[in-house]
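The chain contents come next:
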Amino acid sequence: MTFQRHIALILTLAASVACVPIVHAADDGAALNGWNAAAGPAVSEQLAPGAIRYFADGPAKQQAHPSYALVAEPKEATPVGAGGSSPTPLFGTIGGKQAVRVVITPGTSLYGTGEAAGPLLRNGRQIVAWNTDAYGYGDEAKSLYQTHPWVLAVRPDGTAFGVLADTTYRCTIDTAYTSPNEIQFIADGPAFGAIIIDKPTPQAVLTTLADLTGKMPMPPKWAIGYHQCRYSYFPDSRVREIAEGFRSRQIPCDIIWFDIDYMEAFRIFTFDRGHFPDPKKLNSDLHNKGFHTVWMIDPGMKSRDDRGPADRKAEDLAKEPAAAQEARAKEIANYKAIMDSGTKADVWVKRADGKVYEGEVWPGWCNFPDFTDPAVRAWWAGLYKDFVALGVDGVWNDMNEPAVFNVASKTMPEDNRHRGDPSMIGPSGKPQGDAAADKHARYHNVYGMQMIRGTREGIAAAVPDKRPFVLSRANYIGGQRYGATWTGDNSANWYHLETSIPMSLNVGLSGQPFIGPDIGGFAGNGDGKLFARWMGFGSLFPFSRGHTAKENINKEPWAFGPAVEATCKEALQRRYRLIPYLYTLFHEASVNGQPIARPLFFADPTDPALRSEDDAFLLGDAVLVKASVVPDGSRVSAMPKGAWRAFATSADKDLPNLLLKPGAILPTGPDMQYVDEKPLDPLTLIVNLDPAGKATGTLYEDAGNGYGYQKGEYLLTTYEAVQEGGTITVKVAKTEGQMARPKRACNVKVIFDNQSVLTGQGTDGQPISIKVPG
């Protein structure tokens, strides 16, 4: 933790004397520049226990747009009167724009705001929620790739509330920047509702947020392995070389990624048959080695028959064998058929004058599907059937802010037209009808979200017996319902290494558990020390992927020499031993919406020393990852109280210490080269007894893919350990689900101070007793 962050925390907590929220009976915002209070009276309704939605007045509710954040408009929302202890938003305008203000108790710590550069603690910060292509962004970046108009507020006593500004328009999120005791949302567009969730703990706030905005579906188990990517791996011989590099060195890896160079001149749903003559066989061969594959699909679709930036010169094409020329021509013909079908179905975003919009992206001039229209999403979904039939396992939707080249805005005009979804129900309880048709300014921030919605639906229809995996660069709050995400085009430097922890944590605190950075940095080269350190803890993020840009040096785990390779191998072996625990956390997130990677203050929300700590993080509530994020390793992390004991240490200083919570049991597995390479046998339970001599932990298991778990085909085991006298007994305390317990060995390791360990062996499901030396 930096000195500046300590000072920020001290200032934040300086007035921590009142532990109850301030409830506004009157508007005290006259001093705010340009503030005009709404006439009111405000109206409110309960969406869920502890969750109240407010509007400036009755007409504002009737005229409000349908919510893209909520899973669905509640069929019955209970009106609530004034009063109570929860914060009450103030409605009005600031500088002519719609605004919501919420006053906070002095000493309240602010988090969330989605994808934002900088520290975990957001007090004194201001960002603009407007999905933006922000290559190589820095701390000063106001807008990144995603929009989460959401703030989590933790009071000095550890109770918490969250505020969701339910607007899709460009929105300034002010977390005690303009006024030190206020949260402010200032948005373009019409008046919007504000949802406040007030709960005893931050964890409870996030559970209710997930109840309202949706939970991450269970991913295929292979997707929580390590991902290897670059812009780009081609031709197919290079892909096979990468795959062999992992297996021959016994470095764990599950997924190889394909950026746009696999395409025929960047036309989506095509393959460059010169570089990838048989993608189906390539996928099959990689599957046989234990790999899965993820392939990029962008929204921009080449709209002209002219030669684009990536099209080969005629003289070069003439040199190719006849079979290659024929295959290439077939790809282009198939692509033209897709474009013709899109034009016939009228799927394209329109300009303000009603003509089809064209913008420049990788292939050259492009049309863009209007994903706000359900009929267009259905057309888009249908394009995945033949694509997935080639053995494609997952899809990466990139450039979907949407990014557009050679314009100052980096995106399409705000007066472009979308059709929207007339059937969506608004807060009025009625379908929006013709009001769905609106400008891009309204739909910009949900464009990527609706794209991945269609993508997920397409994959699910193409392979209904498998769980889809979709990754998206752009998204909106609630988008965890459709896909995973990452922190965008970061850079290979120590700032981005350091900020990758708080950025991932704040996205998790905004409802999206499946998150991580580009390990090693996308922009620029970096060096071996940076890469090793980043991989050391980056291997433990929920989404763990190494990636780099075109023309950069190679950044595979072995690319920096034997010493860095050894660090990366050990780091990834750690991840794979923890797969049983990580998969359990993914299941937990899919059930209650909790982040997988969590801030340290979750261990004790009342401890002010943990409020700004972001050099370390928790995995679930049991594992603490104590990283070193400055080159010399000189910074010391604050620690939660209690006997958190190390269960994984290394002489390699680039690897973080891993500690286990007192009272926890951690399920771990054997070394593997890829997820489920072998059965979970033996199961190893690592135990850290609490002061009362007890510990508990859970293990979730299912088939790893498909939907049998929704029918009860899973096994959720709760283990408990108890020390009575000189004996520690570990046994199954409770089970849930219809899956039979595998016949397997079970090893128990009980850890103590000074790294002393007691061990026992037995059969899973049967009590295992360990004698404690006198």
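None of these values were measured; they are calculated from a predicted model.

This part takes up empty space enclosed by the protein. Taken as a whole, this structure holds five cavities of 30 Å³ or more when the rule is applied. Here the largest cavity defines a volume of roughly 140 Å³. In terms of lining residues, the largest cavity is bounded by 17 residues, among which His-65, Asp-166, Thr-167, Thr-168 and Phe-192 are the most central. The computed volume of the second largest cavity comes to approximately 100 Å³. In terms of lining, the second largest cavity is formed by 13 residues, of which the most central are Pro-217, Arg-456, Gly-483, Ala-484 and Phe-514. In terms of residue class, the lining of the second largest cavity is made up of 10 nonpolar, two polar and one charged.

As summarised here, the arrangement of the six strands in space is E1-E5-E6-E13-E12-E8, forming an open sheet in which the pairing is antiparallel. The open sheet is flanked by strand E1 (35-37) and strand E8 (125-129), the only strands paired with a single partner. Each strand of the sheet is rotated relative to its neighbour by a mean of 25°, with strand direction disregarded. Bridging between strand E6 (residues 97-103) and strand E13 (residues 182-187) involves six bridges; their strand directions are antiparallel. When the sheet's bridge partners are listed, Ala-99 is paired in E13 with Ile-186.

Taken together, five strands build an open sheet; the order of strands is E29-E30-E31-E33-E32 and the sheet is antiparallel. Looking at the sheet topology across the chains shown, the edges are occupied by strand E29 (597-598) and strand E32 (645-648). Bridge count between E29 and strand E30 (residues 616-619): two bridges; the pairing is antiparallel. Counted as the bridge partner of Arg-598 is Leu-618 from E30.

The next subject is the nonpolar core. One finds Trp-380, Phe-387, Phe-469, Phe-537, Phe-617 and Phe-647 to be the most contacted residues of the largest nonpolar core, which totals 162 residues. Setting aside residues no more than four positions away along its own chain, Phe-647 makes contact with Leu-578, Val-623, Leu-658, Leu-659, Leu-660, Leu-666, Ile-686 and Ile-751. In this structure, Ala-56, Ala-165, Ala-176 and Ala-187 belong to the second largest nonpolar core, which totals 28 residues.

Quick look at the pattern of salt bridges now. Opposite charge on two side chains makes pairing possible when the charged atoms of those side chains draw close. By the definition in use, this model includes 52 salt bridges. Note that Asp-272 and Arg-312 form a salt bridge whose closest N and O atoms lie 2.6 Å from each other. Pair noted here: Asp-272 is in the loop between strand E16 (255-258) and helix H5 (279-288) and Arg-312 is in the loop between strand E18 (301-302) and helix H6 (314-318), with a separation of 40 residues, a long-range link. Asp-272 sits in the buried class, given a relative accessible area of 4%.

Reading guide: rules and limits
- Residue positions within a chain follow its written sequence, with the count starting from 1.
- Only residues with pLDDT of at least 70 get local features here, since the model is predicted, and only at 80 or more are side-chain atom pairs given and counted; chain-wide, interface and lining totals rely on the full set of residues.
- Each side-chain value is derived from all of the structure's non-hydrogen atoms; neither hydrogens nor water enter the calculation.
- Points on a 1 Å grid over protein atoms alone make up a cavity when a 1.4 Å probe fits among them but cannot get out, and a pocket when they form an open set with protein on both sides within 12 Å along at least five of seven lines; lining residues each have an atom within 4 Å of a point.
- Grid points are joined across faces, edges and corners, and a volume is the space filled by probe spheres set on the points.
- The nonpolar class holds Ala, Val, Leu, Ile, Met, Phe, Trp, Tyr, Cys and Pro. Asp, Glu, Lys and Arg form the charged class, and all remaining residues, Gly among them, are polar.
- Note on pairing: DSSP must find at least two bridges between two strands before they are called paired.
- Starting at the N terminus, helices and strands are each numbered in turn, a helix being any DSSP run of H or I of at least four residues and a strand any DSSP run of E of at least two.
- Fitting a line to C-alpha atoms yields each axis, with helices limited to the stretch in contact; the angle taken between N-to-C directions then spans 0 to 180 degrees.
- Throughout this description, the term nonpolar core refers to a set of buried Ala, Val, Leu, Ile, Met, Phe, Trp, Tyr and Cys residues connected via side-chain atoms within 4.5 Å.
- A 1.4 Å probe rolled over the protein chains alone gives each residue an accessible area, and that area as a share of the maximum for its type sets the label: buried under 20%, exposed over 50%, partly exposed in between.
- By definition, residues are in contact when any of their heavy atoms lie within 4.5 Å.
- Only one rule defines a salt bridge in this text: a Lys or Arg side-chain nitrogen within 4 Å of an Asp or Glu carboxyl oxygen.

From the geometry alone we can't say anything about function, so treat these as descriptive.
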